[in-house]
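Secondary and tertiary structure notes
Spelled out, the chains give:
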Amino acid sequence: MGSKTILNNYGSFDVVFKKGKGSVLTDVNGKKYIDFLAGIAVNCLGHDFKPLVKAVSDQARKQIHICNYFLSDIGVSYAEELLAATGFEGVFFGNSGAEANEAAVKLARKFGQLNGGSRRKTIVTLERSFHGRTIATITATGQDVFHPESFAPYLEGFKTICPGDYKALGTAFDDTTAALMMECVQGEGGVFPLDKEWACAAAEAARKAGAIVICDEVQTGMGRTGTLLASEQLGIHPEVVTLAKAIAGGVPMGACLYRGKGNVLAAGDHQSTFGGNPLACRAASVVLHEILKDGFLQSVSEKGEYIRSTVKSWNLPCVEDVRGAGLMIGIQISGNPVEVEKLCLEEGVLFSTAGKNVLRLVPPLNIGYKEIDQGLAVIKKVLEKTSVN
Ligand code: PLP
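Residues numbered from 1 in each chain as written. Predicted model: local features only at pLDDT ≥ 70, side-chain atom pairs only at ≥ 80, totals over all residues. Heavy atoms only, no water.

The full set close to the ligand counts 13 residues, and G97, A98, D216, Q219 and K245 are the nearest of them. Within the side chain of D216, an N or O atom sits 2.7 Å from a nitrogen atom of the ligand. In the model, an oxygen atom of the ligand is placed 2.8 Å from a nitrogen or oxygen of the Q219 side chain. Alone, the ligand offers 390 Å² of accessible surface; in the complex the protein occludes 82% of this. The leading source of residues in the shell around the ligand is helix α4 (residues 97–114), at three residues. Across the shell around the ligand, the residue classes break down as three nonpolar, six polar and four charged. (Near = heavy atom within 4 Å. Polar contact = N/O pair within 3.5 Å; in protein donor to acceptor, adjacent residues only side chain to side chain. Areas by Shrake-Rupley, 256 points an atom, 1.4 Å probe, with all protein chains shown as cover. Helix = DSSP H or I, 4+ residues; strand = E, 2+ residues; numbered from the N terminus. Nonpolar A, V, L, I, M, F, W, Y, C, P; charged D, E, K, R; others polar.)

Below, the structure written as structure tokens:
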């Protein structure tokens with residue numbers, strides 16, 4: 001179904017979903033699935049979350065979209081709420097993570113221009129990183145697999161260093177560096193949390209050379225790791241943070257937040273037809289309110305810890321490592337992760353793989369323990385078979 005009409009650039013599975021409720025999806029045949037994927041860390045409040053559905057329906061009646069030459073009431077109020085909650089001074093709204101990162105790259109280059117002219121243009125990113133699929137953001141992405149010859153030439157002015165490599169910090173930054181850009185937990189790369197000490201040292205080295213720090217929080221942001229922003233846990237106070245995925249609970253939206261030295265974007269520097277339209281802002285406002293409710297973020301941390309300790313307690317030979325932060329969880333296995341993913345899907349549990357050999361679980365942030373236990377029981381059963389094989 002759909003295989004002849006929708007470009008098959010995702011290697012899609014043979015499942016067609018029809019609806020969802022909470023953390024459970026239903027396909028066209030009525031089969032139910034525990035959703036440990038949440039649209040890859042997007043459906044942070046699960047499916048059919050009533051306050052979100054109500055707000056989006058209400059907003060659709062008022063105004064879905066207006067031209068960005070004008071402000072919308074909800075656009076202004078949401079921007080104020082987001083800046084107050086995150087401590088940033090300004091925001092550019094787009095529609096996706098790649099677009100938010102494009103804005104961050106442009107911002108960094110403009111910062112460089114203002115603070116060193118055409119010399120200060122380079123964006124330093126990390127090996128194993130992922131920043132999106134546009135030409136600039138795949139160039140920024142520190143994984144060769146995303147740089148096939150078919151899309152060349154890639155852009156100038158990007159270089160990568162290895163996360164955790166202290167020696168590299170001595171030579172990575174100079175007066176040609178505009179920004180250091182990093183994910184706090186490398187998601188696509190295999191769910192690798194950055195080492196806090198190294199991240200602080202990297203940020204310090206970048207700033208000492210006159211550059212700014214960008215955190216790509218497209219996946220880690222909006223409560224995914226147990227704090228509103230994951231960069232809060234690293235303590236690096238980035239000048240720029242990019243957000244997308246969960247920001248509007250499934251309505252497409254991205255954001256590039258800036259402050260301090262990063263506050264260089266001016267009218268006309270960057271634009272987007274759909275960016276931050278009233279529908280997306282209304283949805284995003286519901287998400288922000290839910291995440292900031294008492295105990296919500298704490299419960300994300302607790303559920304993440306519960307999942308990680310449960311998987312560790314299985315003591316399965318094929319499980320090499322269990323890591324992550326909050327509800328961004330990586331289970332590194334010795335078997336074929338795609339095979340495990342497929343078998344679990346057959347058994348009614350949905351998640352994705354990341355990196356070379358990692359099962360990535362990013363369930364809705366409001367998932368219940370009942371669904372967690374049901375989903376984990378299936379993963380355990382499938383991994384037990386993998387361990388025997
Ligand atoms: N940055 C990170 C850290 C991501 O995980 C992703 C998507 O997986 C992106 C950027 C790109 O986001 P989008 O697919 O919304 O363009």
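So much for the structure itself; the text now carries on.
This part takes up the domain arrangement of the protein. What the domain assignment lists for the protein is domain 1 (17–48 + 295–388) and domain 2 (63–291). The C-alpha centroid of domain 2 is placed 27 Å from the C-alpha centroid of domain 1. At the interface, 26 residues of domain 1 touch 24 residues of domain 2. Carbon and sulfur atoms make up 63% of the area that domain 1 and domain 2 hide from each other, which totals about 2100 Å². Three residues stand out in domain 1 for area buried against domain 2, namely L297, R323 and M328, and they jointly supply 28% of the buried area on that side. For the salt bridge of R360 with E188, the shortest nitrogen-to-oxygen distance reads 3.0 Å. Taken together, the elements giving at least two residues each to the side of domain 1 that touches domain 2 come down to α1 (38–41), α10 (296–313), β13 (319–325), β14 (328–333) and β17 (358–361). Its residues assigned to classes, the side of domain 1 that touches domain 2 shows 17 nonpolar, seven polar and two charged. (Domains from an automatic or database assignment. Contact = heavy atoms within 4.5 Å. Buried area = accessible area lost by both parts, 1.4 Å probe. Salt bridge = Lys/Arg side-chain N within 4 Å of Asp/Glu carboxyl O.)

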